[in-house]
Amino acid sequence: MKRKIISLGWGVRKEGRNIWTRNAVKGVSVRKERRKRDGRNEWRLWDPTKSKIAASLLRTKLDPAKIIPQPGNDCLYLGSSTGGTVSHIHDCVCGSGNHHKGQIIAIDISSRMMRELVKLSEIRPGIVPVLADARDIAQISPFIYKKVDWIHQDLSISDQAKTFVKIAESFLKNNGVGLLSLKGASERAADGSLEIKFEKAEEILMNSNLNVIEKIDLKGLEEQHVLFYCKMKCID
């Protein structure tokens, strides 16, 4: 039986338990992921065990289409690593040759990761690789010319929620989407159990200018992780 296809927006779809994005660079995989043709289009499998965003699309109890950015959006990605998830976001935000005119500012502190990001940006226009400490607004602000529509933070540091609030309140548009992939193991051991760490993070978010829309447990796909789906409050 053919699996039912559910569109999650331009260039993203769900088939059963699989998420696919419409490949902006036909014939090329980024992390050796499977590709398939559908007429003139090629689709890439988005592995939820290697991407917190893909995992959240399967685990959310709300509309998954609201979590991912829209074509032509300006996006800020903190903790880009080698760009696996960034490439899937690029598929829907920028598309082939960046015909949507979107932008993904991809920040990472590792020079080794940055070399891979630069290679990725050369074949995927719209990705802006930035070597910087994502916790330091002074380092990243020169590359952000206006407030963005969408932010994702995936940093293995302590005080992840405090960092996310600082960045979002500086760079996220009113009503913009902010995603915090929080890794419990990266927080201080003295903060308590995993659940207490997640509760403390949620409290920090709720006392900020962000509305917490959903706390998404990624257990079974990404262990010791939750993803907080937030939106920036409308501030005059």
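For the structure, check the block above.
Residues numbered from 1 in each chain as written. Predicted model: local features only at pLDDT ≥ 70, side-chain atom pairs only at ≥ 80, totals over all residues. Heavy atoms only, no water.

Things to note about the sheet that holds strand β11 (residues 210-217)
The mixed open sheet is built from seven strands, whose spatial order is β8-β7-β6-β9-β10-β12-β11. Among the strands making up the open sheet, the edge pair consists of β8 (127-131) and β11. Looking at each pair of strands side by side, their axes are set apart by 15 degrees on average, direction ignored. Pairing analysis gives four bridges linking strand β6 (residues 74-78) to strand β9 (residues 148-153), with the strands arranged parallel. Paired with C75 across the bridge in β9 is W150. Relative to strand β7 (residues 103-108), helix α2 (residues 84-93) is tilted by about 170 degrees, and along the sheet it contacts β6, β7, β8 and β9. (Pairing = 2+ DSSP bridges. Helix = DSSP H or I, 4+ residues; strand = E, 2+ residues; numbered from the N terminus. Axes fitted to C-alpha atoms, helices over the stretch in contact; angles between N-to-C directions. Contact = heavy atoms within 4.5 Å.)

Notes on the packing of helix α5 (residues 160-171) against helix α6 (residues 194-206)
Interhelical geometry of α5 versus α6 gives an angle of 20 degrees and a closest axis separation of 9 Å. Judged by the inter-axis angle, α5 sits roughly parallel to α6. You can see that α5 and α6 cross each other, and the crossing is right-handed. Of the residues in α6, those touching α5 at A161, K162, F164 and V165 are A201, I204 and L205. A per-class count over the contact of α5 with α6 returns six nonpolar, no polar and one charged. (Parallel < 35°, antiparallel > 145°, perpendicular 65-115°, else oblique. Left-handed = near helix turned anticlockwise from the far one by under 90°. Nonpolar A, V, L, I, M, F, W, Y, C, P; charged D, E, K, R; others polar.)

With respect to unusual backbone geometry
Despite not being glycine, S81 has its phi angle at roughly 55 degrees, a positive value. Here S81 lies in the loop between β6 and α2. With a relative accessible area of 30%, S81 lands in the partly exposed category. One non-glycine residue with positive phi stands out, namely Q224, at about 60 degrees. Take Q224: it is sitting in the loop between β11 and β12 (225-232). (Buried < 20%, exposed > 50% of the residue type's maximum accessible area, 1.4 Å probe, protein only.)

Let's talk about the sheet that holds strand β4 (residues 35-38)
Overall, antiparallel pairing links the five strands, which are arranged β1-β2-β3-β5-β4 in an open sheet. The sheet is open, and its two edges are formed by β1 (5-7) and β4, each paired on a single side. Across the sheet, the mean angle separating the axes of adjacent strands is 35 degrees when strand polarity is ignored. Two strands pair when backbone bridges link them, and strand β3 (residues 18-22) and strand β5 (residues 41-46) are joined in this way by four bridges, in the antiparallel orientation. Within β5, the position partnered with T21 by the bridge is R44. Most of the contacts of α2 go to β5, to which it runs at about 145 degrees, and overall it touches β2 (12-15), β3 and β5.

Looking at empty space enclosed by the protein
Counted according to the given criterion, the structure contains one cavity of 30 Å³ or more. By volume, the largest cavity amounts to about 40 Å³. The wall of the largest cavity is formed by L8, G9, W10, V12, I68, P69, Q70, P71 and C92. Residue composition of the lining of the largest cavity, grouped by class: seven nonpolar, two polar and no charged. (1 Å grid on protein atoms, 1.4 Å probe; cavity = no way out; pocket = protein on both sides within 12 Å on 5 of 7 lines; lining within 4 Å. Points joined across faces, edges and corners; volume = space filled by probe spheres on them.)

Let's talk about the pattern of salt bridges
Using the criterion set out here, one finds 13 salt bridges in the structure. One salt bridge in this structure joins R44 and D91, with 2.8 Å as the shortest N-O distance. On the criterion of sequence distance, the pair formed by R44 in strand β5 and D91 in helix α2 is long-range, its members being 47 residues apart. A residue is classified by how much of its surface remains accessible, and R44, at 0% relative accessible area, is buried. Among the residues examined, D91 registers a relative accessible area of 0% and is labelled buried. Each of R13, E15, K36 and D38 takes part in a single network of salt bridges with overlapping partners. (Salt bridge = Lys/Arg side-chain N within 4 Å of Asp/Glu carboxyl O.)

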